[in-house]
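Residue-level listing of the chains:
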Amino acid sequence: MQPLADEFNSNNPGMTVNLETVTIQTILESLPVQLESGMGPDGSVVVDFGGLSRYYLDLAPYVDVERFEAEFPQLLQWLRGGDEGDAIYGMPTSQTLNGAFVNLTLFEQAGVPVPEEGATWEEWAEATRQVAEATGTDFAMEMDRSGHRFASLAISYGAELVDEEGRPVIDEGLREAIEQFVAWHHDGTMPMDLWGATGGATTRDLFTDFLNANVVFYFGGSWQLNRMDTEVGDLFEWAVVPAPCGPSSCTVMPGGGALVAFNTTDNPEVVGAFIDFLSMQENYERVIAVSKDIPGVQSVIDEGVEYVDASERTVAALESFTAQIPKIDAAAYRFQGWPFQRAMMNAMTTRIGQVLNGELTVDAALERIEADVNQAIDSANVQ
């Protein structure tokens, strides 16, 4: 994005955009505090779309509204946080999808067939256990310590997570997903020292284990592709596989980032003009081509992207991720746009960790998850 910021500054005397790179933890933890105190930046990439909607600036006076509504209507709805209005709050920086990476070299060494599209989570667990045992690999499967990643499993098992009224749903699908997830940790399919050893809602990225060939199947997401390309390289053969299926669906969670402006900015014209500039098809495509991301703009999806310096494996992986989009369950889209999604994800991460450590039963964890999220909703309503 920096070359485009330089170009924008050069072409617009009197307007200056300064980009700052921050960690995902800063966006998740520090940005909401800054915004609440009125000391936030003019704009930012955000990933909690609906949860921060009260801080967004309506960009309609500064952008091509017709283009925004045609190119990314789903994101605009998410950013509105359930509001039925027509405000234009931002543009996508990319579209991401949860998904599974597998070490094909280990499968080949073990002589175990790679499960085909339509394979269930249980079938993947069985196949990867066989591979791990035959090759002496530490673990069969891992999943980032993240409520967002777990939501893919939960929804595939039939969990709704949120109802039409915006309240958490604790159903049999969520129960079965948690029970299966816990069982995989207790039987050694997944390592206890990841979800179990870290407390609270802390997110942990487990890419390093896959890089070091310590796990056969790693459930992360498309944002890891650049690292897969540059860090794994030719160390071993890997691939992105179709979404494992649960009893209800073969879904993954959509996500990504959105570039928004905040209503506390003193420079609405500048930040609005910059976001409009980035949203133009040719400029947006330049960013996606370098970052090796899935585009979130319809025209770029339709025409395709010529990725810069991407290996054949990475291009194939991007195609595999993109092929999952039609299979995304409606519940996943509804959950992604829920203003209290972050509260639900944090509650699931925290309470599942406590189940793994024997601090809660599954029944108690479900009760706590519901109470945690309802408390967050009620507190927000009081404010």
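Residues numbered from 1 in each chain as written. Predicted model: local features only at pLDDT ≥ 70, side-chain atom pairs only at ≥ 80, totals over all residues. Heavy atoms only, no water.

1. Describing the packing of aromatic side chains
What counts, and what does not: Here a Phe, Tyr or Trp ring, Trp counted by its six-membered ring, pairs with any other such ring whose centre lies within 6.5 Å, and the pair is stacked when the planes are under 30 degrees apart, edge-to-face when over 60, and tilted otherwise. Per-residue accessibility, obtained with a 1.4 Å probe over protein chains only, is compared with the maximum for each type, and a residue is labelled buried under 20%, exposed over 50%, and partly exposed between these values.
Per the counting criterion, the structure on display carries 23 aromatic pairs. Pairing Phe210 with Tyr218 gives two aromatic rings, centres 6.1 Å apart and planes at 35°, and the pair type is tilted. Tyr218 carries the same exposure label as Phe210, and that label is buried. Feature note: the residues Phe101, Phe210, Tyr218, Phe236, Trp238 and Phe321 constitute an aromatic cluster, connected by ring pairs.

2. What about the state of the cysteines?
Spelled out, the test is: Criterion for a disulfide: a pair of cysteine sulfur atoms at a distance within 2.5 Å.
As enumerated under the stated definition, the model contains 1 disulfide in all. With a sulfur-sulfur separation of 1.9 Å, Cys245 is cross-linked through a disulfide to Cys250. The sign of the S-S torsion, about 100°, decides the handedness of the disulfide formed by Cys245 and Cys250: right-handed. Judged by relative accessible area, which is 6%, Cys245 ranks as buried.

3. What about the domain arrangement of the chain?
Counted only if it meets this: As annotated, the domain borders come from an automatic or database domain assignment. By definition in these notes, contact holds between two residues if any of their heavy atoms fall within 4.5 Å. Accessible area that two parts lose when put together, with a 1.4 Å probe and added across both, is what the buried area reports. Salt bridge criterion: a side-chain nitrogen from Lys or Arg within 4 Å of a carboxyl oxygen from Asp or Glu. Between N or O atoms, a polar contact is any pair within 3.5 Å; within protein, one atom must be a potential hydrogen donor and the other a potential acceptor, and residues adjacent in sequence are included only when both atoms are from side chains. Helix and strand assignments come from DSSP, with helices taken as H or I runs of at least 4 residues and strands as E runs of at least 2, each series counted from the N terminus. Any residue outside Ala, Val, Leu, Ile, Met, Phe, Trp, Tyr, Cys, Pro, Asp, Glu, Lys and Arg is labelled polar, Gly included; the first ten of those are nonpolar and the last four are charged.
One can read the domain layout of the chain as domain 1 (1-95 + 254-311) and domain 2 (98-253 + 330-381). Spacing between the C-alpha centres of domain 1 and domain 2 amounts to 28 Å. Taken together, the contact pairs 19 residues of domain 1 with 14 residues of domain 2. Across the domain 1/domain 2 interface, buried area totals approximately 1,400 Å², and carbon plus sulfur atoms make up 49% of it. Between the two partners, domain 1 and domain 2, sit 0 salt bridges. Summed over the shared surface of domain 1 and domain 2, the number is 4 residue pairs in polar contact (both at pLDDT 80 or more). Among the secondary structure elements, those contributing two or more residues to the side of domain 1 that touches domain 2 are helix H2 (24-36), helix H4 (73-79) and strand S6 (254-261). Of the residues assigned to the side of domain 1 that touches domain 2, the class counts are 7 nonpolar, 9 polar and 3 charged.

4. Some points on the side chain of Asp293
Short version of the rule: Asp and Glu are treated as the negative residues and Lys and Arg as the positive ones, with His and the ends of the chain left uncounted.
Structurally, Asp293 is set in the loop between helix H13 (281-291) and helix H14 (298-303). Although Asp293 is buried, it forms no salt bridge, and the closest oppositely charged side chain is Lys292 at an N-O distance of 9.5 Å. When near neighbours in sequence (up to four residues on either side) are disregarded, Asp293 contacts Ser94, Ile288, Tyr307 and Leu318.

5. Observations concerning unusual backbone geometry
Leaving glycine out, the prevailing phi sign among residues is negative, and the prevailing peptide bond configuration is trans. In this model, Ala213 sits at a positive phi of 60°, which is unusual for a non-glycine residue. Mapped onto the fold, Ala213 is located in the loop between helix H10 (207-211) and strand S4 (215-221). If you check the backbone angles, Lys292 has positive phi at about 60° while not being a glycine. Topologically, Lys292 is positioned in the loop between H13 and H14. When its relative accessible area of 7% is taken as the criterion, Lys292 is described as buried.

6. Thoughts on the environment of Ala310
Mapping Ala310 onto the fold places it in the loop between H14 and helix H15 (312-322). Using a relative accessible area of 24% as the deciding quantity, one classes Ala310 as partly exposed. As a C-alpha pair, Ala310 and Asp276 span 34 residues in sequence and 28 Å in three-dimensional space. Setting aside its immediate chain neighbours within four residues, Ala310 contacts Asp229, Lys292 and Val315.

7. As for the pattern of salt bridges
Inspection of every chain in the model, using the stated rule, returns 18 salt bridges. For Glu7, the salt bridge is made with Arg286, and the minimal N-O distance between the two is 3.2 Å. One end of the pair, Glu7, is in helix H1 (residues 2-11); the other, Arg286, is in helix H13, with 279 residues separating them in the sequence. For Arg286, a relative accessible area of 37% puts it in the partly exposed group.

8. Re helix H17 (residues 341-356)
The condition is simple: Multiplying one less than the number of residues by 1.5 Å gives the expected span of a helix.
The terminal C-alpha atoms of H17, which comprises 16 residues, lie 23 Å apart, in line with the 22 Å expected from a rise of 1.5 Å per residue. Judged by how many residues are buried, H17 sits mostly within the fold: 12 of 16 residues are covered. Where H17 terminates, the next one or two residues include Gly358, which has phi positive at roughly 75°.

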